Amino acid sequence: MTERRVRVRFAPSPTGALHIGGVRTALYNYLFARQHGGDLIFRIEDTDSNRFVPGAEEYILESFKWLGIPFDEGVSFGGNHGPYRQSERREIYKKYVQVLLDAGKAYIAFDTPEELEAKRAEIANFQYDASTRMQMRNSLTLSKEEVDALIAGGKQYVVRFKIEPDENVHVNDLIRGEVVINSSILDDKVLYKSADELPTYHLANIVDDHLMEVSHVIRGEEWLPSAPLHVLLYRAFGWEDTMPAFAHLPLLLKPEGNGKLSKRDGDRLGFPVFPLEWHDPKTGDVSSGYRESGYLPEAVINFLALLGWNPGNDQELMSMDELVKLFNLEHCSKAGAKFDYKKGTWFNHEYIMQKPDGELACLFRPVLEANGVDAGQYDDAFLAKVVSLVKGRVNFVKELWDQARFFFVAPVTYAEKDVKKRWSEDTPRIMAELMEVLRGIDDFSSKPSEDIVIGWITEKGYHMGNVMNAFRLSVVGECKGPHMFDITELLGKEETLVRMQRAIEALK
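- Under the annotation held in an unreviewed UniProt entry, the chain carries the name Glutamate--tRNA ligase and is attributed to Bacteroides helcogenes.
- Annotation of the chain in UniProt includes, under Sequence similarities (unreviewed entry), the sentence "Belongs to the class-I aminoacyl-tRNA synthetase family. Glutamate--tRNA ligase type 1 subfamily."
- Word for word, the UniProt comment on the chain under Subunit (unreviewed entry) is "Monomer."

Listed below in structure tokens is the structure:
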């Protein structure tokens, strides 16, 4: 028997923003597919028409584009197994519903919501299954003539899967090992609704995975209770030989306390749970996104990859190519992974440090413009040099402004605490002397300037710290920033002297 080609899928519902847990699921599918030279399919599961949200599908596609997770086929990518949007596959599902009905593996049920509610009131922990279905209004209790008459009369119905009781269903999970569930705890799930002529998730999912030749289903732990039902459906269709391997990923948990990570946790603790900013068309609410919050996509990918998986060594920083090489489902945790959002910030800092200064300079230009600076005045080389001096102090590109504003805007006020500590009545005289020394320097680059100024301070017997801090205060506006002579090299002699003169006059 030839080995099957690896084909995996990510199949979101267009019901709102893409949760970061969904991004991680898609990432693991991508890594697995790439590692095995396989295909990643993008499918839209939109069978629940009541929950459809305009713009959600476009948002999801834009998110993956930003994150750098490409798909091989699917909605907007094309391919030979389409259509990839479930709402466009109605006729396909109807055919397979009929296959189950003809084989006696499913039945038609006419129970109204009120009748079902009455049964729940009558029977504690009621579920529609082998023990109760003969008490209900369905094609097992009604004659064929009655069923046909009801359908002909336009009576709405559902098709339910007929689960045989007391059978052990084995699910071989690549992360959790063998999971055994007794069929008696499963109810006769609804597979199809006549009201909208659409299948439920369970049927559509199985039919699509089979027809799209999906070899592995890698999805969140919340779908584990559905796995036995899906195994039984594969059997009912006679598709055991093409049943995919299952892998149920651990949940993403709250950063503190217990339970699943939610948007409320992000709102409360100040971190995004969506890849991009989301504008809810129903409520008008705006939710923050990783992109708009200033995270680099590579940092988000690396951070997410390690939530519930480890490479088997102590390595933390990994490019997408390295992740593809190292990824192994057997190294996924069974236990939930705490969402350590502070670690996400750490990753962003590390990726800023790794990024070439020229690239960071391009990302810095919009930040300058947003702060009222005409970035067009400055060439790439100047901005790259500025960025190289301050990037070690930031976690996000937008924070470069606070660390580097003095390169673009001369100080007009001076930090009070620094003035108190670093500016005495002798300081204006010493700064005026230092200005004369600086005027006489021909090569104003960092090292030559530093050697001359340090030599002068030593020769005069001045206190090194006092002079250098006052010098910094007059040029920067406060006693912080990178190496002083790196600053003056970039500002140039003329601007440095203008700033010193202004400080002498302002701080008399």
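There's more to say after this.
## What to know about the side chain of Arg7
Argument step 1. Take Arg7: it is sitting in strand 1 (residues 7–10).
Argument step 2. In terms of polar contacts, Arg7 uses its side chain to reach the backbone carbonyl oxygen of Met212, at 2.9 Å.

## Some points on the sheet that holds strand 5 (residues 158–161)
Argument step 1. Strand order across the open sheet formed by 4 strands is 4-5-8-9, with antiparallel pairing between neighbours. Only two strands of the sheet have a single neighbouring strand rather than two, namely strand 4 (106–109) and strand 9 (198–199).
Argument step 2. Pairing analysis gives 2 bridges linking strand 8 (residues 190–193) to strand 9, with the strands arranged antiparallel. By the bridge assignment for strand 9, Tyr192 is matched with Pro199.

## Some details on the pattern of salt bridges
Argument step 1. Summed over the entire model, instances satisfying the criterion amount to 41 salt bridges.
Argument step 2. We note a salt bridge from Asp39 to Arg7, for which the minimum N-O separation is 3.0 Å. Taken together, the residues span a long stretch of sequence, with Asp39 in strand 2 (residues 39–42) and Arg7 in strand 1 at a distance of 32 residues.
Argument step 3. Take Asp39: its relative accessible area is 11%, and that puts it in the buried class.
Argument step 4. Judged by relative accessible area, which is 5%, Arg7 ranks as buried.
Argument step 5. Put simply, Lys417 and Asp418 hold a salt bridge, and the shortest N to O gap is 4.0 Å.
Argument step 6. Lys417 gets classed as exposed once you look at its relative accessible area, which sits at 61%.
Argument step 7. According to the relative accessible area criterion, Asp418 is buried, its value standing at 10%.
Argument step 8. Through salt bridges with shared partners, one network takes in Arg9, Arg43, Glu45, Arg89, Asp208 and Asp209.

## A short note on the domain arrangement of the chain
Argument step 1. Domain boundaries assigned for the chain yield domain 1 (87–205), domain 2 (263–351), domain 3 (356–402) and domain 4 (416–507).
Argument step 2. Put simply, the middle of domain 1 and the middle of domain 2, counted by C-alpha atoms, are 38 Å apart.

## Things to note about the sheet that holds strand 2
Argument step 1. Strand order across the open sheet formed by 3 strands is 1-2-3, with parallel pairing between neighbours. The sheet terminates laterally at strand 1 and strand 3 (73–74), the two strands that pair on one side only.
Argument step 2. With 4 bridges connecting them, strand 1 and strand 2 associate as parallel partners. From the neighbouring strand, Val8 faces strand 2, where its bridge partner is Leu40.
Argument step 3. Across the sheet, helix 1 (residues 20–35) lies against strand 1 and strand 2, angled at about 165 degrees from strand 1, the strand it touches most.

## Focus: the pairing of strand 10 (residues 216–220)
Both faces of the sheet carry side chains from a regular strand, because those side chains alternate between them.
Argument step 1. Most of strand 10 sits out of view: 5 of its 5 residues are buried.
Argument step 2. Strand direction decides the pairing type here: strand 10 and strand 11 (residues 245–249), joined by 5 bridges, are parallel. Bridging across to strand 11, Gly220 finds its partner in Leu249.

## A few points about the nonpolar core
Argument step 1. Of all hydrophobic cores here, the largest spans 156 residues; its most connected members are Phe64, Phe339, Phe407, Phe408, Met431 and Phe471.
Argument step 2. Among the elements that take part in this core, helix 1 stands out by supplying 9 residues, more than any other.
Argument step 3. With sequence-adjacent residues up to four places away left out, Phe339 is seen in contact with Ile20, Leu252, Leu253, Lys254, Pro255, Leu261, Phe271, Tyr290, Phe303, Leu304 and Leu307.
Argument step 4. Counting 6 residues, the second largest nonpolar core, distinct from the first, contains Ala109, Phe126, Tyr128 and Met136.

## Observations concerning the UniProt feature "short sequence motif: 'HIGH' region" (unreviewed entry) in the chain
Argument step 1. If you check UniProt for "short sequence motif: 'HIGH' region" (unreviewed entry), the listed places come out as residues 12–22 in our numbering.
Argument step 2. With 27% helix and 0% strand, the stretch residues 12–22 has end C-alpha atoms that lie 8 Å from each other.

Rules behind the numbers
- Residues numbered from 1 in each chain as written.
- Predicted model: local features only at pLDDT ≥ 70, side-chain atom pairs only at ≥ 80, totals over all residues.
- Heavy atoms only, no water.
- UniProt positions renumbered as here; feature names shortened; annotations may be inferred.
- Helix = DSSP H or I, 4+ residues; strand = E, 2+ residues; numbered from the N terminus.
- Polar contact = N/O pair within 3.5 Å; in protein donor to acceptor, adjacent residues only side chain to side chain.
- Pairing = 2+ DSSP bridges.
- Salt bridge = Lys/Arg side-chain N within 4 Å of Asp/Glu carboxyl O.
- Buried < 20%, exposed > 50% of the residue type's maximum accessible area, 1.4 Å probe, protein only.
- Domains from an automatic or database assignment.
- Contact = heavy atoms within 4.5 Å.
- Axes fitted to C-alpha atoms, helices over the stretch in contact; angles between N-to-C directions.
- Core = buried A, V, L, I, M, F, W, Y, C linked by side-chain atoms within 4.5 Å.

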